[in-house]
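# What the coordinates show
Each chain is listed here by its residues.
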Amino acid sequence: ESLFPDKIEAKIRTVKEEFKKYSTFINRAKENIPAIESLLGLRYPHRYLILFQNNNEARPTGGFIGSLMLLDVNDGALEKSETYDVYDFDGQYHGYIEPPGEIKELTDQWRLRDSNYWPDFHVSGEKAAWFFQKQGGPSVDSVIAINQSILKKLLKITGPIKIPSLESEITSEN
């Protein structure tokens, strides 16, 4: 039995329900704060390997890896970005890595460019990070793949982007 009149009791129930919703949202957000802090490099620097995939050359995760970018984030700010052609790493590695059967039918040189062999991006991303480090790159914390078609659409919206390590701007046309 309530101590309040029916009209007020209904409002109190509504407020309690809203608080429960917000409480659930806040608790879920609190659970994700460590992951967000990590991605922003708030406690420790975070290094990303970004794979640029040409989706006109189909591969299980979207497209052929033609170039890549290394991003270092620390305290929520971008500290360093470097872009590379995938062959900067593939061409310098002279060791032998046994390719999976399907790749072996195409080439006996399994390298970073073909690391996105598995449709499960988690597996392909780990393999890309492994190849990158094995072929002379630093270790990375996260791997992201971006298909060329998405990048082109994004650049149409944002306009050209100038990256200091590149001679010319990146545009939706190039």
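The rules we used
- Residues numbered from 1 in each chain as written.
- Predicted model: local features only at pLDDT ≥ 70, side-chain atom pairs only at ≥ 80, totals over all residues.
- Heavy atoms only, no water.
- Helix = DSSP H or I, 4+ residues; strand = E, 2+ residues; numbered from the N terminus.
- Buried < 20%, exposed > 50% of the residue type's maximum accessible area, 1.4 Å probe, protein only.
- Phe/Tyr/Trp six-rings, centres within 6.5 Å; stacked < 30°, edge-to-face > 60°.
- Pairing = 2+ DSSP bridges.
- Axes fitted to C-alpha atoms, helices over the stretch in contact; angles between N-to-C directions.
- Contact = heavy atoms within 4.5 Å.
- Salt bridge = Lys/Arg side-chain N within 4 Å of Asp/Glu carboxyl O.

Turning next to the environment of Leu 166. With respect to the helices and strands, Leu 166 occurs in the segment after α5 (148-158). Residue classification places Leu 166 among the partly exposed positions, given a relative accessible area of 27%. Sequence spacing of Leu 166 and Met 69 is 97 residues, and the spatial spacing of their C-alpha atoms is 11 Å.

Under the criterion given, the structure shown has 6 aromatic pairs. With a centroid separation of 4.8 Å and 55 degrees between ring planes, the pair formed by Phe 89 and Phe 132 is classed as tilted. Note that Phe 89 is positioned in helix α2 (residues 87-90) and Phe 132 in helix α4 (residues 121-134), a separation of 43 residues in sequence. Of the two residues examined, Phe 89 and Phe 132, each falls in the buried class. When the centroid spacing of 5.0 Å and the interplanar angle of 85 degrees are considered together, the rings of Tyr 117 and Trp 118 count as edge-to-face.

Backbone-to-backbone hydrogen bonds join strands into a sheet, with any given pair of strands oriented parallel or antiparallel. Strand order in this open sheet of 4 strands is β3-β2-β1-β4, and the pairing throughout is mixed. Bordering the open sheet on either side are β3 (77-85) and β4 (142-147), each of which pairs with just one other strand. Across the sheet, the mean angle separating the axes of adjacent strands is 20 degrees when strand polarity is ignored. Bridge count for strand β1 (residues 46-54) against β4 is 6 bridges, and the pairing is parallel.

Looking now at the pairing of β3. Sheet topology places strand β2 (residues 64-74) next to β3; 8 bridges connect them, and they run antiparallel. Within β3, the position partnered with Val 73 by the bridge is Leu 78. Linkage of β2 to β3, two consecutive antiparallel strands, is achieved through a turn of 2 residues, within which Asp 75 is found at a positive phi near 50 degrees.

The subject of this paragraph is the environment of Gly 63. Following the sequence through the fold, Gly 63 ends up in the loop between β1 and β2. In this structure the C-alpha to C-alpha distance between Gly 63 and Leu 40, which are 23 residues apart in sequence, comes to 27 Å. Discounting chain neighbours no more than four positions away, the residues touching Gly 63 are Gln 53, Asn 54, Asn 55, Glu 57, Ala 58, Asn 116 and Asn 147.

With that settled, consider the pattern of salt bridges. Throughout the structure, instances matching the rule amount to 8 salt bridges. The salt bridge involving Glu 9 is made with Arg 13; its shortest N-O contact spans 3.9 Å. One end of the pair is Glu 9 and the other is Arg 13, both in helix α1 (residues 6-39) and 4 residues apart, which spans about a single turn. Taking the relative accessible area as the measure of exposure, Arg 13 reaches 45% and is therefore partly exposed. With its nearest N and O atoms 3.0 Å apart, the salt bridge here joins Asp 90 to Arg 113. Taken together, the residues Asp 90 in helix α2 and Arg 113 in the loop between α3 (101-104) and α4 connect sequence positions 23 residues apart. Among the charged side chains, a network of salt bridges with common partners joins Asp 90, Arg 113 and Asp 114.

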